[in-house]
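Listed below, chain by chain, are the residues.
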Amino acid sequence: MNYLGSRSAILSSNLRVNYLAKANQSQTTAFFKYALASTLFNSFKAYSLIKNKIKGKKPVVEQIPKDTVIIYQFPRAFNTPSLSPFCLKLETWCRAANINYQNKLGMNVSSRGTVPFIRLNDYVIEDSEKCIEYLSKVFKVDLNSELSDDQKAFARAALALTEENLKWSMVMHRFWYSPIAKQETGLPLLSIWFFGYRMFRAAWYSGAARYTKQEIYEKGKRDLSALDALIGEKKFLLSDTKPCDVDFAIFGLCAQLIYSDPNLSNTYS
């Protein structure tokens, strides 16, 4: 028994060593693609600035309509309005709350390097959750008004399950393991190279990318099953009639699993 146990441990260790070796090779390739894409992006920016300076063009001053929420987010995708669950969450919440908003589509990021972010008159708010909190106060819209303290705590736990756990399985599938051509999601090739490596590194520092492919999919399957159990037969997380703020976070991510990453949803079914 000791012999079999030690041999099993050795085999398990060898499998992990082989996995890490392949992962390191993939990381090296991804890094060179990222470096190339980053160099091309920065070169284009520098060229545009120099060209405009030579021609004497002044920077275009952005006109912001008064009392209109400007949502800065990525360009539209093929199968969903946005490839970012956070952008889709925020815009859908604004529609449900009857907020007057306009989209500013592009590759702009906030001072923290995040997307989406909003501008309302002279105020800039970053992070989708903080944006919703701010807009709820300004426009006096509370989609959580009917929730008890216990329900709010329940919703908070569901939010963490969605945006802190399940999100990383989606990220690793989309940018690292997906068998489909990533151009099918609507991203240009250079953007895939640029964001693919950055998202992998973010997943690595979070700890999510340090697991094997099988472990990552298994964790995602358990998270999705838990989310399904929390919702049950209800139309929304806590009600059949009215969504709360967390419902939009769940929708934003699940829409990616169903429409933008169909192979992932098949893996979890």
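Structural data are supplied above this passage.
Residues numbered from 1 in each chain as written. Predicted model: local features only at pLDDT ≥ 70, side-chain atom pairs only at ≥ 80, totals over all residues. Heavy atoms only, no water.

**What to know about the layout of surface pockets**
Roughly 1,500 Å³ of internal volume is contained in the largest pocket. Lining the largest pocket are 45 residues, with Phe74, Val109, Gly113, Val115 and Phe195 positioned closest to its centre. With eleven residues, the single largest contributor to the lining of the largest pocket is helix α4 (residues 149-177). By residue class, the composition of the lining of the largest pocket is 24 nonpolar, nine polar and twelve charged. Taken as a whole, the second largest pocket holds about 330 Å³ of empty space. For the second largest pocket, the lining is made up of 16 residues, of which Glu129, Asn144, Arg156, Asp245 and Val246 are closest to its centre. When residues of the lining of the second largest pocket are traced back to their parent elements, those giving at least two are α3 (128-138), α4 and α7 (245-260). The residue inventory of the lining of the second largest pocket, partitioned by class, reads seven nonpolar, two polar and seven charged. (1 Å grid on protein atoms, 1.4 Å probe; cavity = no way out; pocket = protein on both sides within 12 Å on 5 of 7 lines; lining within 4 Å. Points joined across faces, edges and corners; volume = space filled by probe spheres on them. Helix = DSSP H or I, 4+ residues; strand = E, 2+ residues; numbered from the N terminus. Nonpolar A, V, L, I, M, F, W, Y, C, P; charged D, E, K, R; others polar.)

**Description of the packing of aromatic side chains**
Enumeration over the complete set of coordinates arrives at seven aromatic pairs. Note on tryptophan 176 and phenylalanine 200: the rings are 4.0 Å apart at their centroids and 15 degrees apart in plane angle, and the pair reads as stacked. Here tryptophan 176, found in helix α4, pairs with phenylalanine 200, found in helix α5 (residues 189-206); they are 24 residues apart in sequence, far enough to count as distant. We note that tryptophan 176, like phenylalanine 200, is buried. In textbook terms, an aromatic cluster arises when at least three aromatic residues are bridged by ring pairs, as seen for Phe74, Phe194 and Phe195. Over the ring of tyrosine 205 we find arginine 201; its NZ or CZ atom is 5.1 Å from the centre of that ring. (Phe/Tyr/Trp six-rings, centres within 6.5 Å; stacked < 30°, edge-to-face > 60°. Buried < 20%, exposed > 50% of the residue type's maximum accessible area, 1.4 Å probe, protein only. Lys NZ or Arg CZ within 6 Å of the ring centre and 35° of its normal.)

**Overview of the packing of α4 against helix α6 (residues 213-231)**
Two elements in contact, α4 and α6, have axes separated by 9 Å at closest approach and are oriented at 145 degrees. For the element pair α4 and α6, the recorded crossing hand is left-handed. Here Phe154, Ala158, Leu161, Thr162, Asn165, Leu166, Ser169, Met172, His173 and Tyr177 of α4 lie close against α6, whose contacting residues are Lys213, Ile216, Tyr217, Lys219, Gly220, Asp223, Leu224, Ala226, Leu227 and Leu230. Here the residues of the contact of α4 with α6 sort into twelve nonpolar, five polar and three charged. (Axes fitted to C-alpha atoms, helices over the stretch in contact; angles between N-to-C directions. Left-handed = near helix turned anticlockwise from the far one by under 90°. Contact = heavy atoms within 4.5 Å.)

**Quick look at helix α2 (residues 85-96)**
Between its terminal C-alpha atoms α2 stretches 16 Å, which fits the 16 Å expected from twelve residues at 1.5 Å a residue. Regarding α2, the residues found buried are Pro85, Cys87, Leu88, Lys89, Leu90, Glu91, Thr92, Trp93 and Cys94. Contact partners of the buried residues in α2: β1 (69-73), β2 (101-105), β3 (117-120), α3, α4 and α7. Directly after α2, the chain includes asparagine 98, whose backbone phi takes a positive value near 60 degrees. (Expected span 1.5 Å × (residues − 1).)

**Here's the deal with the pairing of β3**
Both faces of the sheet carry side chains from a regular strand, because those side chains alternate between them. Two strands pair when backbone bridges link them, and β1 and β3 are joined in this way by four bridges, in the antiparallel orientation. Counterpart to isoleucine 70 in the pairing with β3 is arginine 119. Bridge count for β3 against strand β4 (residues 123-126) is four bridges, and the pairing is antiparallel. Its bridge partner lying in β4, arginine 119 is registered against valine 124. The turn linking β3 back onto β4 is made up of two residues, and asparagine 121 within it adopts a positive phi angle of 55 degrees. (Pairing = 2+ DSSP bridges.)

**Regarding the pairing of β1**
Burial within β1 is extensive, with five of its five residues counted as buried. Neither face of β1 is exposed, since Val69, Ile71 and Gln73 on one face and Ile70 and Tyr72 on the opposite face are all buried. Pairing between β1 and β2: five bridges, direction parallel. What sits directly across from isoleucine 70, in β2, is glutamine 102.

**Some thoughts on the pattern of salt bridges**
This structure, assessed with the given rule, holds five salt bridges. With its nearest N and O atoms 3.0 Å apart, the salt bridge here joins glutamate 91 to arginine 76. Within this pair, whereas glutamate 91 is found in helix α2, its partner arginine 76 is found in the loop between β1 and α2, the two being separated by 15 residues in sequence. Classification of glutamate 91 as buried rests on a relative accessible area of 9%. For arginine 76, a relative accessible area of 37% gives the class partly exposed. For lysine 89, the salt bridge identified is with glutamate 163, shortest N-O distance 2.9 Å. Taken together, the positions of lysine 89 in helix α2 and glutamate 163 in helix α4 put the pair 74 residues apart, joining distant regions of the chain. The pair formed by lysine 89 and glutamate 163 is uniform in burial state, with each residue classed as buried. (Salt bridge = Lys/Arg side-chain N within 4 Å of Asp/Glu carboxyl O.)

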